[in-house]
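Listed here are the chains, written in short residue letters.
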Amino acid sequence: MAAAILGRLTVTAKPPSEPAGRMRGPPHCLHPVPGRPRALRLRYLPRARFPLPKRRLEVNPGGLRLSMKERFECCKQVTFLQQGKRALAAYGVVMGPLSIPSTQVLEEQAQESDDLTDSEESVYSGLEDSGSDSSTEEEAEDQDSGDEGTLKGSLLSKKAQARMASQKKEQVQCRSLETESMPSAQQGLPLRGEYEDDSSDEEDVRNTVGNIPMEWYQDYPHVGYDLDGKRIYKPIRTKDELDKFLDKMENPDYWRTVQDKQTGVDVRLTDEQVELVQRLQKGQFGDVHLNPYEPAVDFFSSQVMIHPVTNRPADKRSFIPSLLEKEKVSKLVHAIKMGWIKPRKPKEDTPTYYDLWAQEDPNSILGRHKMHVPAPKLRLPGHEESYNPPPEYLLSEEEKLAWEQQEAAERKLNFLPQQYRCLRAVPAYARFIHERFERCLDLYLCPRQRKMRVNVDPEDLIPKLPKPRDLQPFPTTQALVYRGHTGLVRCLSISPSGQWLVSGSDDGTVRFWEVSSARCMKTLPVEGVVKSVAWNPNPAVCLVAVAVEQSVLLVNPCLGDKLLYGATDQVIEAYEPPEEERLQPVTWAVAASAEHTRGVRLIIRHGKPVKQVTWHPRGDYLASVLADDGHTQVLIHQASKRWSQSPFRRSKGQVQCVLFHPLRPFFFVATQRYVRLYNLLKQELAKKLLTNCKWVSSMAVHPAGDNLICGSYDTKLAWFDLDLSTKPYRVLRHHKKALRSVAFHKHYPLFASGSDDGSVIVCHGMVYNDLLQNPLIVPVKVLKGHAPARDLGVLDVLFHPTQPWLFSSGADATIRLFA
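It should be emphasised that the depicted structure is a prediction, and the values quoted were computed from it without experimental measurement.

Colleague: Tell me about the sheet that holds strand 9 (residues 519-525), and please be specific about residues and values.
Modeller: Spatially, four strands are ordered 6-7-8-9 in an open sheet, and the strand pairing comes out antiparallel. The open sheet has two free edges, formed respectively by strand 6 (489-494) and strand 9, since each of these has just one partner strand. Each strand of the sheet is rotated relative to its neighbour by a mean of 20°, with strand direction disregarded. Pairing of strand 8 (residues 509-514) with strand 9 involves six bridges; the strand directions are antiparallel. When the sheet's bridge partners are listed, Arg-511 is paired in strand 9 with Thr-523.

Right under this line is the structure:
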């Protein structure tokens, strides 16, 4: 009880480092008074009123200048202290008079607190003890001769509600006071703290700032002031994130440890507290023994009872007329007389009917309805419905019999025309009720849905494309027809100069044509169907690769400049085989004398049929595609060293065709659904294109190398922008049947596609240097001339290297030039 009484008095001093004036703080703190140098003011709000002594009590410690109000406050404090001393005396504790520090002492303490450095302030690792520093017996005798000792140690409870603590805790505190205070006062030794040697689990009482909101000191390094006006610094928490993580991993009680904001220490929650928190988080009651589903007592039931629920007598106002109600009623009567309030009209119980199909009155509800659907009008009666129709409208006996045998839905008339001498003799119509009922059903079941017509100009739906005549030149008409083959002409290739054309056919021949005259210059018979031909793109080499069955023939056509094809033979003959034979997937062989006279120079024998052959832009390497499912479907050959290799270790699907990049060391491989782009230098997959096609048939790369087109057997042509995405930039469906071949022009912005429908479609495909501008794709011309045969049409298309001319080969054994 004594600790609870004395713990309610706290005298603190505000250091001079903080701004002058009244600060927002607890009501029991000591604050400087504005306009007075270091004047102290004691503020205290007692819980009970204590009577003032009758004699005049002068309180002026240290020569302070106090006003009357401040003196009155000091008298109240001193009176409260005297009563506390009496309470301590009842427990055997002797306490000296109140020691209030003087102005000089307070100024020295404030100066000391201001001179502390940051390193010195960091010494306060916990909450400061609230006892007075001047605790020696000699200083106490100098200040007050009647003092028997100084009481040191904190007697302030953690909360201001210490008076609500249990009686057992008060007895423990009072017993601690008796055992610690008496011997130290008799021997003249400094008193030790009350909880210095206490190792019990009692509540921590070191915080002497009182029951105040901790938010007041959130931005300050301290949490309040002690009795001597010194700051009580917050505990320094030197734990960083790593320490917290280690503590979380190593401390098994980390999940139940919380920080006390008043004391700054970590508190471990007990099992009961954890259970209470879990119950509150689940939305349950804190008390375990509380039953939230207790049976409710129905005080007010529907049964009429004799006695009332309460015996409260009736109020007097229930018997006396209310003046307020009288005033309100008089106002309502006056408003009714003046016509301001009109009585409500009784509701009419008669139902209201609306004509569902009426629209004559624009002011009606249905007339203003936006979704109104007018009723379909009946056909006007004709001559056959007259009671005296003309003779030509009357049916004969055969017509009547045929009308009766027909179904009701197939009859032109739903009645038989009859003739009467007068209108009075016309009987009632037998089907009148039936037809009226069907009419009502038609109106009732009519779908009342209005389809909003969109007024759009058809011209606005057409994309703004340039006119074809502004995109010239492009091939428009058939100029020449190359005839000589007797079978399907499957493949075409043209020399780099554009003077010679080579073609392969199913008749087992390879023919060389002069482009300008359509004359066959040379015919090379081979042992099988020619699947692919490719002229070397290097203008310094005159060499043609021909894919026949399981071999690739390197042929010198010996056309044009003698020095050119003579130099080609010298390069082939100058080959020196290596000392050690290397293992290759193919066999290189020199042509025999009979084949050499026909132009064949080298033969590359494969183990499987060859489907395609294509040259590298520099003319030294060529690639071949085999009809195989293994990893040797694609082979790359070097003609100068007669060396072949398989670039892939495993198969990624059935390969349809391959292409070399025109500028970069890239290699395109087209399977049935995907096109893969490989980097030959890094030997890795660079990009995988999704064609969205069921079966890729052919592909062609733009001369700049940034765009690719793919033709498929499901009538699609996919345009890929390699810098944009792996999905098609544009998909064209201009053909009605499968696409067999696609081609780009080397210099003009043109590309073409040939299909089994016998047509060739030429499109304008402009690729801009600006990466932000999309390619312009415009179909400009449909070229027809080939006659489909065996469900096949155009098998290959090819552009002239310098002129805007187009070559096409078809199943009709002809080659056509469009210019």
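There is more to say after this.
Colleague: Quick rundown of empty space enclosed by the protein? Include the residues and the values.
Modeller: All told, the structure shown has five cavities of 30 Å³ or more when counted by the stated rule. Quantified by volume, the largest cavity comes out at close to 120 Å³. Around the largest cavity, the lining is made up of 14 residues, and of these Phe-648, Arg-650, Ser-651, Lys-652 and Val-655 lie nearest the centre. Considering only residue class, the lining of the largest cavity consists of five nonpolar, six polar and three charged.

Colleague: Lay out the packing of aromatic side chains with the relevant residues and their values.
Modeller: A full pass over the atoms with the stated rule returns 10 aromatic pairs. When the ring of Tyr-482 is compared with that of Phe-807, the centres are 6.3 Å apart and the planes differ by 50°; the resulting orientation is tilted. Separated by 325 residues along the polypeptide, Tyr-482 in strand 5 (residues 478-483) and Phe-807 in strand 32 (residues 806-810) bring together distant segments of the chain. Judged on exposure class, the residue Tyr-482 and its partner Phe-807 are both buried. Here a set of aromatic residues connected by ring pairs shows up, and it is made of Tyr-482, Trp-513 and Phe-807. Seen from the ring of Trp-643, Arg-582 lies directly overhead, with NZ or CZ sitting 4.2 Å from the centre. Positioned above the aromatic ring of Tyr-674 is the side chain of Lys-688, whose terminal nitrogen or guanidinium carbon lies 4.2 Å from the ring centre.

Colleague: If you had to explain the nonpolar core to someone new, which residues and values would you point to?
Modeller: Grouped together as the largest cluster of nonpolar side chains are 21 residues, with contacts concentrated most on Val-510, Phe-512, Val-530, Val-546 and Leu-553. Mapped onto this core, the elements with two or more residues apiece are strand 7 (500-505), strand 8, strand 10 (530-535), strand 11 (544-548), strand 12 (551-555) and strand 14 (600-605). Setting aside its immediate chain neighbours within four residues, Val-546 contacts Val-510, Val-530, Ser-532, Val-533, Ser-551, Val-552, Leu-553 and Val-555. Counting 17 residues, the second-largest nonpolar core is a separate cluster that includes Val-552, Leu-602, Val-610 and Leu-635.

Colleague: Requested: an account of unusual backbone geometry, with residues and values cited.
Modeller: In this structure, Pro-473 follows Gln-472 across a cis peptide bond, with omega equal to 10°. Unlike most non-glycine residues, Thr-715 shows phi in positive territory, near 65°. Considering the arrangement of structural elements, one finds Thr-715 in the loop between strand 24 (707-712) and strand 25 (717-721). Positive phi, normally seen in glycine, also occurs at Ala-813, with a value near 65°. Relative to the elements of secondary structure, Ala-813 occurs in the loop between strand 32 and strand 33 (814-818). The class of Ala-813 is buried, set by a relative accessible area of 13%.

Colleague: Got a sec to walk through the pairing of strand 16 (residues 621-626)? Specific residues and values, please.
Modeller: Counted residue by residue, strand 16 has five buried out of six residues, so it is predominantly covered. In terms of strand pairing, strand 15 (residues 610-615) meets strand 16 through five bridges, oriented antiparallel. Across the sheet, the residue bridging to Thr-614 is Ala-623, located in strand 16. Between strand 15 and the antiparallel strand that follows it, strand 16, lie five residues; Gly-619 among them carries a positive phi value of about 90°. Pairing between strand 16 and strand 17 (residues 634-638): five bridges, direction antiparallel. Note on strand 17: the bridge partner recorded for Ala-623 is Ile-636.

About the thresholds
- Residues numbered from 1 in each chain as written.
- Predicted model: local features only at pLDDT ≥ 70, side-chain atom pairs only at ≥ 80, totals over all residues.
- Heavy atoms only, no water.
- Pairing = 2+ DSSP bridges.
- Helix = DSSP H or I, 4+ residues; strand = E, 2+ residues; numbered from the N terminus.
- Axes fitted to C-alpha atoms, helices over the stretch in contact; angles between N-to-C directions.
- 1 Å grid on protein atoms, 1.4 Å probe; cavity = no way out; pocket = protein on both sides within 12 Å on 5 of 7 lines; lining within 4 Å.
- Points joined across faces, edges and corners; volume = space filled by probe spheres on them.
- Nonpolar A, V, L, I, M, F, W, Y, C, P; charged D, E, K, R; others polar.
- Phe/Tyr/Trp six-rings, centres within 6.5 Å; stacked < 30°, edge-to-face > 60°.
- Buried < 20%, exposed > 50% of the residue type's maximum accessible area, 1.4 Å probe, protein only.
- Lys NZ or Arg CZ within 6 Å of the ring centre and 35° of its normal.
- Core = buried A, V, L, I, M, F, W, Y, C linked by side-chain atoms within 4.5 Å.
- Contact = heavy atoms within 4.5 Å.

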